Structures are given as structure tokens and as C-alpha cells.
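# Results of the structural survey
Chain residues, written in single-letter form:
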Amino acid sequence: MGTREASHAGSWYEDDPVQLSSQLNEFLGRVPDTLDESSLPVSGARVIIAPHAGYTYSGPCAAWAYKSLDLSAAKRVFVLGPSHTYYLHGCALSTFHKYETPFGDLTVDRATVDELSRTGRFSTMPARREVEEHSLEMHLPYLWKRLEQTFGTGSSEYPPIIPILVGDGSAEEEESFGQILAPYLKDTENAFIVSTDFCHWGSRFRYRPQYKNGLIRNSDASGSPGSPDSGGILKVQPILEDHVDASDVPAIHEVIKMLDDMAMDAVRTGVHGDFYKTVQETQNTVCGRHPIGVVMAALEVLARDGLEDGKGRFKFIQYQRSSLVQRVSESSVSYASAYAVV
């Protein structure tokens, strides 16, 4: 296959390279130059979690992850995202040789793609669905910008990418893909980008948890899985006092933040099973939960092999929402940025 076109340029983000560069520079310029007394990028931060919505929505949040990303030693960049365009079980690889961006084309590392394909565990993305998919594409202009800042304008020297769609799967299946990717993650010449938004709240997402009668219930669910008479009560509940005054009834946007906090706290533990269970029990609509799960499972493999204290765990540095929902007729999507030093 040839070059995958930048199908969302001109709609989800600017297609003019000058305007796009100016916008990304502005977003990155809003992020401080230091975090926790460490200058950015964070040394050794080869793995990030970042959102993939239109840049007017999630671009400012994504800037925090990208300004933290250390590409100084990168020889290739893995980009893992969820499938929005077709049902996928397991993981799928690209058939394209290049990915177009408004700045220029990024080369796909066909040698690594072929190496992964030979494991027999990966399918291939249908070309039309890959072109329609946004979860991978939305990261590439940001990646180009950071490569340019790191290596200069000689794009022929930029490291190639390995696009991977991560679909549905059990905790055990995520762990098995984590085992496959762990050696690549261990290699200090590889960087990883994990593409996800967090809570999608609204009727069109069939997910509208609200606080009612002392419990959080999803009004769009007849019941929790395996419990059809539960009235949509979530299997696990946040501790309200940790988020709002005990005398207050939390607003919808506060409930959303509570559920996202539970997901992010589970990611921070570094325990893949904790994150998988938390998302299952809260039903939180984290679209990239499986890409997160696979990379967490790979990080666990490295941790078992021995990582220095503090390494291999994600640190969240920014959290935003597209709106602060007050009424059931409204909707919002949450965005978060994180990095892990490996």
C-alpha cells in the first residue's frame, strides 16, 4: 500500500501547515517549561497518554503530554489507539507505507510491522477503515512538531512509526499483547504514544451516570452487567467525601470527574488488573481503555524484570473536559495527559 491520507485535516485540525504549526506552538507554549522541578521534556519519558479529539477541544490538553515526551533517543515510535470505525478483537497492524500529515509524510516501519505480524497474533486494518480512523492520525501532527523540535527540519531523519489499533479483549488477552510489546518497550530507542479520551458522557454515548438517592446510577443502563434489576447502579462507587462536601449533591460534571479520577488512580497504581477491573465496574466510557491496558501490561512485564523505583508508572499532568455538564440534555468528553519514565 502507499500513503494513508490525512483524512481529518481541514476538519478536526488545520490543513494549512503554517496555521497548524502556529496553533501547535501556541498550545505547547501554554505548558510550563518545568514540571515538579524537572525541565521539559522529562528525561526518559518515552511513553505518553494523550487525547485524540479535534484540536480545538483536546489540543491544549494533549500539549502537556507532548511537551513531556522525550524523543531524544527515538529510532521508532509506536502509536496505539482504539478502533472507532469497525469492531476489532485483538490488535491490528497497518498496511500502509506512509502516513500523510500537513507537514509531510511519516514513514511506517514496515520491518517492525512485519516482525509483529509474524507472531500470528495481529490482524491487518482494512484500508478504508484505517483511513477513516482518527485515533492514530490525530497524534501525528503533534508528533511531527516534537520531532522537528528534537531533530530539526530534516524530516528524512525522523524515526518511523508503528501504528497499532487495539480492539476489544479480556484482561488475559491484553496481558498477552503486553508480553509481545514488552521487549520493544524495554528498548530505549522506542517511544510509545497511547491514544485515548476518557469519559464520554451523554445520551449519544448511552452513558449518563448521575448521583441519585445516595448512589451513582447510569440512567441509560437497565442494570449493571449480570444484575438487570439494579437500576443502573455502578458496581463500584467513589467515596463522595473525597470529592465534594458530604452535605452537597454532586453536579453531573463532578460525577464525571469522580469516575475519571477512579480510572486515572487505577492507571497510577501500575497494576493492569486494577485498571481493567475499575473500568469494567464503573462502565466508564474510556475509548482507549484497551490500548492503555496493553501498555500497562507491557510495563508490568518490565517491572517484574526490575525497574528503578518510580519508573514504569504513569503520572497524570493534565485533565480537562469539553464542557461542565449540569443537565441531562448536555454532553461532554474528558481528556487527560500523562507520561511514564522507562
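The rules behind these values
Residues numbered from 1 in each chain as written. Predicted model: local features only at pLDDT ≥ 70, side-chain atom pairs only at ≥ 80, totals over all residues. Heavy atoms only, no water. UniProt positions renumbered as here; feature names shortened; annotations may be inferred. Pairing = 2+ DSSP bridges. Helix = DSSP H or I, 4+ residues; strand = E, 2+ residues; numbered from the N terminus. Contact = heavy atoms within 4.5 Å. Axes fitted to C-alpha atoms, helices over the stretch in contact; angles between N-to-C directions. Core = buried A, V, L, I, M, F, W, Y, C linked by side-chain atoms within 4.5 Å. Buried < 20%, exposed > 50% of the residue type's maximum accessible area, 1.4 Å probe, protein only. Arc of directions from axis to C-beta. 1 Å grid on protein atoms, 1.4 Å probe; cavity = no way out; pocket = protein on both sides within 12 Å on 5 of 7 lines; lining within 4 Å. Points joined across faces, edges and corners; volume = space filled by probe spheres on them. Polar contact = N/O pair within 3.5 Å; in protein donor to acceptor, adjacent residues only side chain to side chain. Phe/Tyr/Trp six-rings, centres within 6.5 Å; stacked < 30°, edge-to-face > 60°. Lys NZ or Arg CZ within 6 Å of the ring centre and 35° of its normal.

An unreviewed UniProt entry lists the protein under the name MEMO1 family, with Lasiosphaeria ovina as the source organism. Its UniProt record gives the protein a comment under Sequence similarities (unreviewed entry), which states: "Belongs to the MEMO1 family."

## Focus on the sheet that holds strand β7 (residues 98-101)
Read across the sheet, three strands follow the order β1-β7-β8 without closing on themselves; strand pairing throughout is mixed. The open sheet has two free edges, formed respectively by β1 (3-4) and β8 (104-107), since each of these has just one partner strand. Bridge count between β7 and β8: four bridges; the pairing is antiparallel. Counterpart to Thr 101 in the pairing with β8 is Gly 104. The strands that helix α5 (residues 140-151) touches are β7 and β8; relative to β8, the one it contacts most, it runs at about 90°.

## Notes on the nonpolar core
Ranked by internal contacts, the top residues of the largest apolar core, which has 103 residues, are Tyr 66, Leu 116, Leu 143, Ile 164 and Phe 314. Considering each element in turn, this core owes the most residues, ten residues, to helix α7 (residues 252-268). Ignoring sequence-local partners within four residues, the contact set of Tyr 66 consists of Leu 28, Ile 48, Ala 50, His 139, Tyr 142, Leu 143, Arg 146 and Ile 193.

## What about helix α8 (residues 272-282)?
Three or more residues of α8 are buried, namely His 272, Phe 275, Tyr 276, Thr 278, Val 279 and Thr 282. Buried residues of α8, viewed axially, fall in a sector of 165°; they line one side. Check the buried side of α8 and you find it contacts α6 (171-186), α7 and α9 (289-306). Gln 283 lies just past α8 and shows a positive phi near 60°.

## Focus: the layout of surface pockets
Its volume calculated, the largest pocket comes out at about 580 Å³. Lining the largest pocket are 25 residues; nearest its centre among them are His 200, Phe 205, Thr 285, Cys 287 and Val 333. For the lining of the largest pocket, the secondary structure elements donating two or more residues are α8 and β16 (332-341). The biggest single contributor to the lining of the largest pocket is β16, with three residues. The computed volume of the second largest pocket comes to approximately 230 Å³. Lining of the second largest pocket is provided by 13 residues; of these, Pro 82, Ser 83, Cys 287, Arg 289 and His 290 occupy positions nearest its centre.

## Digging into the side chain of Ser 58
In this structure, Ser 58 sits in helix α2 (residues 55-68). In terms of polar contacts, Ser 58 uses its side chain to reach the backbone carbonyl oxygen of Ala 53, at 3.1 Å. Those residues in contact with Ser 58 that sit more than four places away from it in its chain are Pro 51, His 52, Ala 53 and Tyr 335.

## Some words on the packing of aromatic side chains
Summed over all chains, the structure comprises nine aromatic pairs. With centroids separated by 6.1 Å and ring planes inclined at 85°, the aromatic side chains of Phe 198 and Phe 316 adopt a geometry described as edge-to-face. Here Phe 316 lies in strand β15 (residues 315-321) and Phe 198 lies in the loop between β11 (190-195) and β12 (200-201), a separation of 118 residues in the sequence. By relative accessible area, Phe 198 is classed as buried at 0%. Put simply, the rings of Tyr 13, Tyr 55, Tyr 66 and Tyr 142 touch in pairs and so form one group of aromatic residues. The positively charged end of Arg 121 is found above the aromatic ring belonging to Phe 177, 4.4 Å away from the centroid.

## Overview of the pairing of β16
Counting buried positions along β16 yields ten of ten residues, so the element is predominantly enclosed. Burial along β16 is two-sided: Ser 332, Ser 334, Ala 336, Ala 338 and Ala 340 facing one way and Val 333, Tyr 335, Ser 337, Tyr 339 and Val 341 facing the other are all buried. Across four bridges, strand β4 (residues 45-50) lies against β16 in antiparallel orientation. Paired with Val 47 across the strands is Ala 340, a residue of β16. With six bridges joining them, β15 and β16 adopt antiparallel strand pairing. The residue of β16 that forms the bridge with Gln 318 is Ser 337.

## Observations concerning the pairing of β11
If a strand is regular, its side chains alternate between the two faces of the sheet. Most of β11 sits inside the fold, with six of its six residues counted as buried. Residues Asn 190, Phe 192 and Val 194 line one face of β11 and the alternating positions Ala 191, Ile 193 and Ser 195 line the opposite face, and both faces are buried. Across four bridges, the pairing between β4 and β11 is parallel. When the bridges of β11 are listed, Ala 50 appears paired with Ser 195. The pairing of strand β5 (residues 76-82) with β11 spans five bridges and is parallel. Note that in β11 the partner of Val 79 across the bridge is Ile 193.

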